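# Structural overview
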Amino acid sequence: MRFSVLASGSTGNSIYVENENHAFLVDAGLSAKRMEQQLASIGRSMANVDGIFVTHEHSDHIKGIGVLARRHKVPIYANEKTWIAMDGLVGEIPLEQRFHFDMETSMSFGSIDIQSFAVSHDSVDPMFYVFYENDRKLSVITDTGYVSDRMKGHIQASDAYVFESNHDVSMLQMGRYPWSVKRRILSDVGHVSNEDAAIAMSEVVAEKETSIYLSHLSKDNNMKDLARMSVSQTLESCGIRAGEFVHLFDTDAEKPTELVPV
C-alpha cells in the first residue's frame, strides 16, 4: 500500500491511496483540472482511481468531485447526511455512481479494508478513514476540533498517519482573524492545534517504524518548522525520539508529497 498527500490546507484537500490492484482518493477539494494535474505529477491518473471517499461537505474537500465523477465515471462514497449536504454543491452525480458508506463501518476492496470513523468538525456528519492491508495501517484525520479516546482507538499503532496540525494557538490568538473565526477554529468542532496534535500522536504511536505527515497547516497561523518542533518535542518528552523510528513530514498546500509505502 502506498499513498500521496495531493493537497492539504484551506485551499483544497485530497489524498491518494493505492496498492497493486486498487486506487482511491480521500476527498477531491481542488478543481477537477487541478486534481488531474496533481495525480499526473506523481505518475498517476483518474484512470487509476476506483473510488473517491468523502469526509465531509466543505468545499475544500469536495470542489472537484462532481466534475471528476461525471468525466471519469468514478464511484463516490459518502454517508447519507453528507450526500444530502452535498446536493446542490457538486451537481448531478448518476445514481449508479452514488454509494453510501455509513459511519463506523468498513468496506473491502480486494486486500484493502477501509474503516470509517466519526470526528468532531462543524459539518453535518464528518468522518475519516483508516486503510488496512495485511499488517499495514494508514490513518487519515485532517479536520477535527479534538481527538477523542474513540478516535485514538481507531488510529492506534498505525504505520503511517496523515494527521492535522492546523495552527499554533498563540499565533492564532495574536493574528488578524476576527474573533468569531478564531473561536470557531479553537472550538471542539474546529481544527486541531500543533499542541493537541502532538499530544494525540504521543498517545497512539507504537514502538515501530512510523511516518507522520502533518497536514492542513494554516498559512496564517502556523509554520512548518513550528508544527514539526511541537510534535517532536512532545514525543521526546514521552520517551519517543523523533527521527529514530518516528519520522515527521509536513505537507504542502500546492505540491503533492512523493508516493510512499505505508
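Basis of the calculations
- Residues numbered from 1 in each chain as written.
- Predicted model: local features only at pLDDT ≥ 70, side-chain atom pairs only at ≥ 80, totals over all residues.
- Heavy atoms only, no water.
- UniProt positions renumbered as here; feature names shortened; annotations may be inferred.
- Helix = DSSP H or I, 4+ residues; strand = E, 2+ residues; numbered from the N terminus.
- Pairing = 2+ DSSP bridges.
- Axes fitted to C-alpha atoms, helices over the stretch in contact; angles between N-to-C directions.
- Contact = heavy atoms within 4.5 Å.
- Buried < 20%, exposed > 50% of the residue type's maximum accessible area, 1.4 Å probe, protein only.

What follows is about the UniProt feature "domain: Metallo-beta-lactamase" (unreviewed entry) in the chain. The feature "domain: Metallo-beta-lactamase" (unreviewed entry), as annotated in UniProt, sits at residues 11–189 in this numbering. With 28% helix and 26% strand, residues 11–189 has its two end C-alpha atoms placed 19 Å apart.

Let's shift gears to the sheet that holds strand β10 (residues 136–141). Pairing within the open sheet is mixed, and its seven strands lie in the order β7-β8-β9-β10-β11-β12-β13. Looking at which strands have only one partner, the edges of the open sheet turn out to be β7 (106–109) and β13 (246–250). Neighbour-to-neighbour, the strand axes of the sheet open up by a mean angle of 20 degrees, direction not taken into account. Two elements, strand β8 (residues 112–118) and strand β9 (residues 127–133), share seven bridges in a ladder whose sense is antiparallel. Residue serine 116 lies in a different strand from β9, and its bridge partner there is tyrosine 129. Against the sheet, helix α8 (residues 194–204) makes contact with β11 (160–164) and β12 (210–215), and its axis sits at roughly 155 degrees relative to β11, the strand it touches most. On top of the sheet, helix α9 (residues 224–237) reaches β12 and β13; it is set at about 160 degrees to β13, its chief contact.

With that settled, consider the environment of isoleucine 15. Topologically, isoleucine 15 is positioned in strand β2 (residues 14–18). The spatial distance from the C-alpha of isoleucine 15 to the C-alpha of methionine 86 is 19 Å, given a sequence separation of 71 residues. Contacts of isoleucine 15, omitting those with residues within four sequence positions, involve Ser4, Val5, Leu6, Phe24, Leu25, Val26, Asp27, Val140, Thr142 and Val162.

In this section: unusual backbone geometry. The phi dihedral of lysine 73 is positive, around 60 degrees, even though this residue is not glycine. For lysine 73, the location among the structural elements is in the loop between α3 (65–72) and β5 (76–78). When its relative accessible area of 59% is taken as the criterion, lysine 73 is described as exposed. In this structure, histidine 216 is a non-glycine residue whose phi angle is positive, near 55 degrees. Relative to the helices and strands, histidine 216 resides in the loop between β12 and α9. Owing to a relative accessible area of 4%, histidine 216 belongs among the buried residues under this scheme.

Among the structural elements, serine 31 can be located in the loop between β3 (23–26) and α1 (32–41). The exposure class of serine 31 is partly exposed, given its relative accessible area of 30%. Taking the C-alpha atoms as reference points, serine 31 and glutamine 115, separated by 84 residues in sequence, lie 27 Å from one another. Once you skip the residues sitting within four places of it in the chain, serine 31 turns out to touch Lys63 and Gly64.

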